Every structure is written in C-alpha cells, then in structure tokens.
Amino acid sequence: MKPTLVILAAGMASRYGSMKQIQSFGPSGETIMDYSIYDAIRAGFGKVVFIIREEFAENFKAIFEPKLKGRIATDYVYQHLHSFTDGRSVPAERTKPWGTAHAVLCCKGKVNEPFAVINADDYYGRDAFVKAYRFLTTQCNEQTYCIVGYELKNTLSDNGSVSRGVCEVDANHNLTDINERTSIFRGADGKVSYEDASGLHEVSEDSLVSMNFLCYAPGFINLCETQFGDFLDKHINEPKSEFFLPTVTKYFIQSGKGVVKVIPTSAKWFGVTYKEDAPGVQASINELVTSGEYPNALWA
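Per chain, the residues get numbers from 1 upward, laid out in the order the sequence is written. With pLDDT at 70 or above as the cut-off, local features in this predicted model cover only qualifying residues; side-chain atom pairs require 80 or more to be listed or tallied, and sums for whole chains, interfaces and linings still use all residues. To obtain the side-chain values, all non-hydrogen atoms of the structure were used and water was disregarded.

(A) Local environment of the pairing of strand E8 (residues 175–186). DSSP-based pairing: two strands are paired if at least 2 bridges between them are found. The helix count covers DSSP runs of H or I at least four residues long, the strand count covers runs of E at least two residues long, and both are numbered beginning at the N terminus. Where strand E7 (residues 162–169) meets E8, seven bridges bridge the pair, whose relative direction is antiparallel. Of the residues in E8, the one forming a bridge with Val169 is Leu175. In this antiparallel pair of consecutive strands, E7 and E8, the connection spans five residues, and His173 shows a positive phi of 65 degrees. Here E8 runs beside strand E9 (residues 192–196); their pairing, made up of three bridges, is antiparallel. Of the residues in E9, the one forming a bridge with Ile184 is Tyr194. A loop of five residues connects E8 with E9, the two strands running antiparallel in sequence, and Gly190 in this loop sits at a positive phi of about 90 degrees.

This is the structure in structure tokens:
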C-alpha cells in the first residue's frame, strides 16, 4: 500500500494576511504546494489529502483538480471548529482552527495507511520526500514514527518570529523531547532565542527542528482523538490555545507507546510566514528551476 501525503492547508494565515496556500510563486503559476506534491509523486506517494476550510473548497479544487487528475489520487478533509468536540460548548470568541493535531484528527476514516504530514506553505525539498517515503514503506509501524528534521538556522525568517518544534534526540537519533516554540527569532546580536510567558531563552541555531514534516502509522489519528478530548477539558475556554502535532508526538514517546526517529535532511527549507517572505520564496524557486531541479512548468 502506497503512503499518503496529508497537507495542512486550513490555517487562517493571520500573520501573512491572505490565502498564502494558493498564492502563485513558480514561473508557471505554481503554488508552494505544487512543488511538494510533485516531489511526493516522484518519491512514490500514492494519494494526497488536503485539509482545508470548507468555505475555500470550491476555489481550492478548481486550482488543483485539473493539474493533478491522472497523476495522483486526491481527497479533501474539512477542519471544522465543532469536529470531534463531542458536544462541548465552543466559546463564541473562538474563531481560529484548533491546530495541527486537530487537523490530522479530522482525517479519521479518510486516511487508513501510513502517511506523512506537511504544511501547505513550506517548501521541503526532494530529499525530504525521498527519506519520508523510504521510512513509511520500510520502518513505519504503530510503535515507530518519524520527524524529518531541519537545522534551526536554516528555517528562520528575516521578517519576524516563527514557530518551530525544537527536538532533543538521543545517540540513536530517537526523539527524547519536542517543544513547540511559537516565537523564535535571531536577535540583533546574532543569537537565536525564543520568547514565552517567562521571557527570552537562547536556543542553539544548530538544533534540529520539526517543520511539521512528520510520518505516522494510521493509529496516530486515534491517539489524536483521545488527546484532543484531554486538551479541550483543559483549554477550551482559551481562544488562542492550539492542539499541536508535537504535543501528541511528545505524549507518544513519553507514555512509552513507541519511538520517534528524527531523520535529518540535507534539503533547504523556505516558506512564507510573512508577506515580506514572498519575494525570497519566488527567487528560491526560480533558482531551483534554473538549476534543473524542476521543469519550468510542473504539470505541462
């Protein structure tokens, strides 16, 4: 059974200010997602599942269905605020989605094979998809998951802070801890720090971080469901609280359910957190096309 690629595209893009998931960056109008899907197809993935907000579905399908037809199977999952809340009352001030782990939970019943998860607005590189496919088809099981790890210094934005899952690993490259840091930046002194409620904390720029390129067996979705209930019991009245994939992944290892491999990739990451990031993304893609990594028109 070929693995599935799950793409997280339901975010509101509050820092970016528009629907960056469907913005054109490539020379023939390609989105960042197009390059991820192209890399996934040539790595061997058999299906792509888009997690989107239902109000964007018509525009989304109009963009992707014509070019992907006959190339890879597609499916869609809608992330609703009330999905899997089990009758709990959602506060009226809650407007943003519940987060990445809730998005994956919304795939329940749609994804029944080993799968990789990625962000729609991040470029991951061919090497990352090759390594993910290899892991999913040779090592992945309900006791063994993986994170494709990137060096923190290669994932920062010049235009503001970013969110990253900072990984700690043992001598066997197994994850021992992961913490979502939602405000990481390089300061004027050149040091990389993250900010939280207790203040500023320096972090090594060589740290491996999760860019939400994660590989799971299908049972992980059930784990998200049980953990989401616990999350809601504690945080449902916090309008900005989010249920993150690193949180469930951390619970998986710390509760002794299995191991999570951290597989480094040599691929260069880039993405669009802020509008000011867009020109750099476009330039990076043009360089990849010029070097022959991608054709001028992906789906010609």
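(B) Unusual backbone geometry, seen in detail. Positive phi is not limited to glycine here, since Phe84 has a value of about 65 degrees. Secondary-structure assignment places Phe84 in the loop between strand E3 (73–78) and helix H3 (100–105). For Asp86, which is not glycine, the phi dihedral falls at a positive 50 degrees. For the exposure calls, accessible area comes from a 1.4 Å probe over protein chains only, and a residue counts as buried if that area is under 20% of its type's maximum, exposed if over 50%, partly exposed in between. Using a relative accessible area of 65% as the deciding quantity, one classes Asp86 as exposed.

(C) Spotlight on the pattern of salt bridges. By definition here, a salt bridge exists when the distance from a side-chain nitrogen of Lys or Arg to a carboxyl oxygen of Asp or Glu is within 4 Å. Within the structure shown, the criterion is met by 14 salt bridges. With a closest N to O distance of 2.4 Å, Glu225 and Lys108 form a salt bridge. Here the residue Glu225 occupies a position in helix H5 (residues 220–235), and Lys108 occupies one in the loop between H3 and strand E4 (115–119), the gap between them amounting to 117 residues. Exposure remark for Glu225: the relative accessible area of 26% places this residue in the partly exposed category. For Lys108, a relative accessible area of 38% puts it in the partly exposed group. With a closest N to O distance of 3.0 Å, Asp206 and Lys153 form a salt bridge. Highlighted residues: Asp206 in the loop between strand E10 (199–202) and strand E11 (208–216) and Lys153 in the loop between strand E6 (144–151) and E7, separated in sequence by 53 residues. Its relative accessible area of 33% is what places Lys153 among the partly exposed residues. Among the ionic contacts, a cluster of salt bridges with common partners joins Asp39, Arg42 and Glu293.

(D) View of the packing of aromatic side chains. Two rings belonging to Phe, Tyr or Trp (six-membered ring only in the last case) form a pair when the distance between their centres is within 6.5 Å. Interplanar angles under 30 degrees mark stacking, angles over 60 mark edge-to-face geometry, and anything in between is tilted. A full pass over the atoms with the stated rule returns 25 aromatic pairs. Plain terms: the ring middles of Trp98 and Phe228 are 6.0 Å apart, the flat faces sit at 70 degrees to each other, and that makes the pair edge-to-face. In this pair, Trp98 is assigned in the loop between E3 and H3 and Phe228 in helix H5, connecting sequence segments 130 residues apart. Both rings, one in Tyr216 and one in Phe220, keep their centres 3.6 Å apart while their planes meet at 0 degrees; by these two values the pair is stacked. With respect to class, Tyr216 is no different from Phe220; both count as buried. Each residue in the set Tyr35, Tyr38, Tyr123, Phe270, Tyr294 and Trp299 is aromatic and connected to the rest through ring pairs, giving one cluster. Distance and angle both matter: a charge sits over a ring if NZ of Lys or CZ of Arg is within 6 Å of the ring centre and within 35 degrees of the ring normal. The residue whose ring lies beneath Lys61 is Tyr76, and the NZ or CZ to ring-centre distance is 4.8 Å. We note Arg164 situated over the ring of Trp269; from NZ or CZ to the ring centre the distance is 4.7 Å.

(E) Layout of the packing of helix H1 (residues 32–43) against helix H2 (residues 57–68). An axis is simply a line fitted to the C-alpha atoms; with a helix, the fit covers only the stretch in contact. Between two such axes, the angle follows the N-to-C directions and lies from 0 to 180 degrees. Running from amino to carboxyl end, H1 crosses H2 at an angle of 35 degrees, the nearest separation of the two axes being 12 Å. Here H1 and H2 pass one another in a crossing that is right-handed. On H2, the residues touching Met33, Asp34 and Ile37 of H1 are Phe60, Phe64, Lys67 and Leu68. Residue composition of the contact of H1 with H2, grouped by class: five nonpolar, no polar and two charged. Put simply, a crossing is left-handed when the front helix is turned counterclockwise from the back one by less than a right angle, and right-handed when it is turned clockwise. When checking whether two residues touch, look at their non-hydrogen atoms; a contact exists if any pair is within 4.5 Å. By the convention adopted, Pro, Cys, Tyr, Trp, Phe, Met, Ile, Leu, Val and Ala count as nonpolar, Lys, Arg, Asp and Glu as charged, and the other residues, Gly among them, as polar.

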